[in-house]
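Secondary and tertiary structure notes
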Amino acid sequence: ATSLSTQQQRQVSLYVDALLDWNQRMNLTAVTDESEVMTRHVVDSLAVLPPLERAYTSRGGDISGIRLVDVGSGAGLPGLILAVARPSWKFTLLESMRKRCTFLEHAVEVMELSNVDVVCDRAEGQNAGQSHDFRESFDVAAARAVAELKILAEYCLPLVRVGGLFIAAKGHDPHEEIRSAKAAVGKLGASMLDLCNVESMGPHGQRTAVVYLKERTTPKKYPRQPGTPSKTPL
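Conventions we followed
- Residues numbered from 1 in each chain as written.
- Predicted model: local features only at pLDDT ≥ 70, side-chain atom pairs only at ≥ 80, totals over all residues.
- Heavy atoms only, no water.
- Core = buried A, V, L, I, M, F, W, Y, C linked by side-chain atoms within 4.5 Å.
- Buried < 20%, exposed > 50% of the residue type's maximum accessible area, 1.4 Å probe, protein only.
- Helix = DSSP H or I, 4+ residues; strand = E, 2+ residues; numbered from the N terminus.
- Contact = heavy atoms within 4.5 Å.
- Pairing = 2+ DSSP bridges.
- Axes fitted to C-alpha atoms, helices over the stretch in contact; angles between N-to-C directions.
- Parallel < 35°, antiparallel > 145°, perpendicular 65-115°, else oblique.
- Left-handed = near helix turned anticlockwise from the far one by under 90°.
- Nonpolar A, V, L, I, M, F, W, Y, C, P; charged D, E, K, R; others polar.
- Polar contact = N/O pair within 3.5 Å; in protein donor to acceptor, adjacent residues only side chain to side chain.

Counting residues in each nonpolar core, the largest one holds 49 residues, and the members touching the most others are Y15, L68, L80 and F103. Per element, the largest residue contribution to this core is seven residues, and it comes from helix 1 (residues 6-23). What L80 contacts, discounting residues up to four positions off in sequence, is Y15, A75, L93, L104, A107, V108, M111, L113 and V116. Among the nonpolar cores identified, the runner-up in size contains 32 residues, and V71, L157, L159 and A184 belong to it.

Okay, unusual backbone geometry next. Backbone torsion omega between L77 and P78 reads 5°, so that peptide bond is classified as cis. With respect to the helices and strands, P78 occurs in the loop between strand 1 (67-71) and helix 4 (79-85). Residue P223 is reached from Y222 by a cis peptide bond, and omega for that bond is 0°. Tracing the backbone through its elements, the reader meets P223 in the loop between strand 7 (207-214) and helix 8 (228-231). Positive phi values are uncommon outside glycine, yet E112 reaches one of about 55°. As for its position among the elements, E112 is in the loop between helix 5 (98-110) and strand 3 (116-120). With relative accessibility at 61%, the residue E112 sits in the exposed group. For E136, which is not a glycine, the phi torsion comes out positive at approximately 50°. The class for E136 is partly exposed, based on a relative accessible area of 22%.

Time to look at the sheet that holds strand 2 (residues 90-95). If you walk across this open sheet you meet the seven strands as 3-2-1-4-5-7-6, and the pairing is mixed. Unpaired on one side and paired on the other, strand 3 and strand 6 (190-198) mark the two borders of the sheet. Neighbouring strand axes in the sheet, compared pairwise and without regard to direction, differ in orientation by 20° on average. Two strands pair when backbone bridges link them, and strand 6 and strand 7 are joined in this way by eight bridges, in the antiparallel orientation.

Let us now look at the packing of helix 1 against helix 2 (residues 34-46). At their nearest, the axes of helix 1 and helix 2 sit 10 Å apart, and the two run at 115° to each other. Classified by the angle their axes make, helix 1 and helix 2 are roughly perpendicular. The handedness of the crossing between helix 1 and helix 2 is right-handed. On helix 2, the residues touching V12, V16, D17, L19 and L20 of helix 1 are E34, V37, M38, H41 and V42. Counted by class, the contact of helix 1 with helix 2 contains seven nonpolar, one polar and two charged residues.

It is the contact of helix 6 (residues 149-156) with helix 7 (residues 175-187), at a shortest axis distance of 8 Å, that shows an interaxial angle of 35°. Crossing hand, helix 6 versus helix 7: right-handed. Contact residues: helix 6 offers L149, K150 and A153, while helix 7 offers E177, I178, S180, A181, A184 and V185. Across the contact of helix 6 with helix 7, the residue classes break down as six nonpolar, one polar and two charged.

Tracing the sequence through the fold places S137 in the loop between strand 3 and strand 4 (138-143). On the basis of relative accessibility, which here comes to 17%, the residue S137 falls in the buried class. Within polar-contact distance, the side chain of S137 engages the backbone oxygen of F134 at 2.7 Å. Aside from chain neighbours lying at most four places away, what touches S137 is R67, L159 and R161.

Structure (structure tokens):
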């Protein structure tokens, strides 16, 4: 497991306090108990680091200054937790709901994180995925979102540079999802690199991290307009 210094642990607990406080006013998480937030959200988020770093270094990448985009960041998971654990990396939290972005901006301030940008935008259409600032500009796209893999891939892969990685945190048995995403992932210029079981102390037991390698430039037409990827998946 990834161990955190005392200062990092303090940042995480400031995050947990802010999350539970704001959660009373807006729905950020279904989990309302502090210890459960720690085991479910924090531990789950940190669990993607070992497979991510393993895959990145195995491709000859230098892990000291990774640029990572957390797509559909929601309450900032895994992005904010990873930003605490890896202060030398640069993080972009992409979230389309304004009120969630307000929370994320607040959390970044409270946690005193200087390596995080919050971008309030959608991943698809003429938005982030098609913008020159973001398209194919990240080393890694990570998502712990609820969308099915083939939909998630269309949100995430256009943002990743050729040679970079897309890592999705999934439940204990994503095999069906992986199979049905295979063609879509190929169209978007990537292929599966690894499927890792990750330890989770949460109530849902085993989790998996699915890692994809971006091998070719994503065709310009992807991602399609907002709403299209989820309505008519590739």
